[in-house]
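Structure assessment
So you can see what is in the structure, the chains are spelled out below.
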Amino acid sequence: MAEDKWKTAITDIKKGEIRVRGYDIQEMMEKLSFSDAVFLILKGELPTKEESEMMRAILVSSIDHGVTPPSALSTRTVLSGGNPLNCAVAGGILAIGDVHGGAIERCARILQDWAKRPDEASSVAKEMVSDFIYKRKRIPGFGHRLHETDPRTVKLFEIAKDSNFSGKHIKLAQAIEVELANSLGKKLPINVDGAIAAVISDMGFDWRLGKGFFLISRVPGLVAHAYEELTREKPMRKLGDWNCEYDGPKERKITND
Ligand SMILES: CC(C)(COP(=O)(O)OP(=O)(O)OC[C@H]1O[C@@H](n2cnc3c(N)ncnc32)[C@H](O)[C@@H]1OP(=O)(O)O)[C@@H](O)C(=O)NCCC(=O)NCCS
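What counts and what doesn't
- Residue numbers run consecutively from 1 along every chain, following the written order of its sequence.
- Where local features are concerned, this predicted model is filtered to residues with pLDDT of at least 70; where side-chain atom pairs are given and counted, the filter is 80 or more; whole-chain, interface and lining totals use all residues.
- Side-chain numbers come from the whole structure's heavy atoms, not from hydrogens or water.
- Axis angles are defined between N-to-C directions and span 0 to 180 degrees, where every axis is a line fitted to C-alpha atoms and, for a helix, only to the segment in contact.
- Strands are runs of DSSP state E lasting at least 2 residues, helices are runs of H or I lasting at least 4, and numbering of each runs from the N terminus.
- Here is the rule for angles: anything less than 35 degrees is roughly parallel, anything more than 145 is roughly antiparallel, 65 through 115 is roughly perpendicular, and the remaining ranges are oblique.
- Contacts are assigned to residue pairs that have any heavy atoms within 4.5 Å of one another.
- For this classification, Asp, Glu, Lys and Arg are treated as charged, while Ala, Val, Leu, Ile, Met, Phe, Trp, Tyr, Cys and Pro are nonpolar and the rest, including Gly, are polar.
- Three labels apply to residues, based on accessible area from a 1.4 Å probe with only protein chains included: buried if under 20% of the type maximum, exposed if over 50%, partly exposed otherwise in between.
- Working note: the arc is built from the helix axis to C-beta atom directions.
- For the domains described, the bounds stem from an automatic or database domain assignment.
- Buried area: the accessible area, evaluated with a 1.4 Å probe, that two parts lose upon being put together, summed over both parts.
- The rule is short: rings of Phe, Tyr and Trp, with Trp giving its six-membered ring, pair when the centres are within 6.5 Å, and they are stacked under 30 degrees, edge-to-face over 60, tilted in between.
- Consider the ring centre and the ring normal. A charge sits over the ring if Lys NZ or Arg CZ is within 6 Å of that centre and within 35 degrees of that normal.

Further remarks concern the packing of helix H2 (residues 34-43) against helix H3 (residues 49-61). Relative orientation of the contacting elements H2 and H3 amounts to 105°, with a least axis distance of 9 Å. When the interaxial angle is binned, H2 and H3 end up roughly perpendicular. Contact residues: Ser35, Asp36, Val38, Phe39 and Leu42 in H2; Glu51, Ser52, Met55, Arg56 and Leu59 in H3. Of the residues assigned to the contact of H2 with H3, the class counts are 5 nonpolar, 2 polar and 3 charged.

To continue, consider helix H5 (residues 85-94). Each turn of an α-helix holds 3.6 residues, which means side chains three or four residues apart point in the same direction. Looking only at H5, the buried set comprises Ala88, Val89, Gly91 and Gly92. Taken down its axis, H5 places every buried residue within 155° of arc, on the same side. Counted as exposed and oriented over 90 degrees from the buried face of H5: Asn86 and Leu94. Tucked into the core, H5 has its buried residues touching helix H4 (70-80) and helix H11 (210-232).

Moving on to the domain arrangement of the protein chain. Parsing the protein chain into structural domains produces domain 1 (9-47) and domain 2 (64-235). A separation of 27 Å is found between the C-alpha centroids of domain 1 and domain 2. Listed as interface residues are 5 residues of domain 1 and, on the opposing side, 6 residues of domain 2. In total, domain 1 and domain 2 occlude about 460 Å² of area from one another, counting both sides; carbon and sulfur atoms represent 85% of this. On the domain 1 side of the interface with domain 2, the three residues burying the most area are Phe39, Leu42 and Lys43, jointly 82% of the side's total.

This paragraph deals with the packing of aromatic side chains. Scanning all chains against the criterion turns up 2 aromatic pairs. Measuring from ring centre to ring centre gives 5.7 Å for Phe39 and Phe205, while their planes differ by 75°; the resulting arrangement is edge-to-face. With Phe39 in helix H2 and Phe205 in the loop between helix H10 (192-202) and H11, this pair connects stretches of sequence that are 166 residues apart. Judged on exposure class, the residue Phe39 and its partner Phe205 are both buried. Between Phe205 and Phe213 the ring centres are 5.0 Å apart and the planes differ by 75°, which places this aromatic pair in the edge-to-face class. Connected via pairs of aromatic rings, a cluster forms that spans Phe39, Phe205 and Phe213. Just above the ring of Trp114 sits the side chain of Arg117; from NZ or CZ to the centre is 4.2 Å.

Below is the structure:
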């Protein structure tokens, strides 16, 4: 019975026919870039020229960040243990969390919540930052282990400005960066997660898709790390930081009394 069927609005498949959001896969293969197809599958509609440029920049921005992020290290570690590429990449994905990649979702949620207020971005940022500092919480999307200015943020905001996506969420993120520097006396730059969070919010995406953007962007990088580990390194090599000192219990014996 029809009413017993569960419904999906993503892809319709019949014998010899595949339609994604209503568009024929062959036509998509001919006319769309990968990032356009990602936009279509997530948003349900084809991107405008501006949305297409913005989406391409977002997906390229996080493709890789070297061997140090937890996801790249996990991918290489799992591979090094003698596991196949799919397990290694899955291991890398599992290392993506609230402070690595996952900050997009939490930051977009905060920006979307706070940007609803009618006040100026600077006063909203002031209230928000003091609330976080009072609660001793970190603001996701700000701060970086290496970059004082994240080059990806600069480019994403530049493209957002040229594509008319520089709206209230980017404005609020920039005001938060200024306010964090004023309150803490040091610069905590908007990192790539924060920049993507602000841009996707100005593009009208739901914050709950935040982690998805990072996953879609970073998986090619993780595949490259797994493949390089497989083809260039010996199994179970020394990986990660070996500068570790044992400070547990001293040598002791199990006694029966
Ligand atoms: C990314 C991150 C882990 C880098 O940290 P780091 O440069 O190694 O800095 P530390 O963890 O040593 O923190 C240094 C100081 O800045 C503060 N700080 C760092 N990021 C902060 C943030 N986002 N909000 C508020 N305070 C922050 C810390 O509390 C710490 O303060 P203290 O010196 O008074 O203890 C950190 O900035 C963070 O947790 N950011 C939020 C999560 C995030 O956006 N992740 C995505 C990264 S691309």
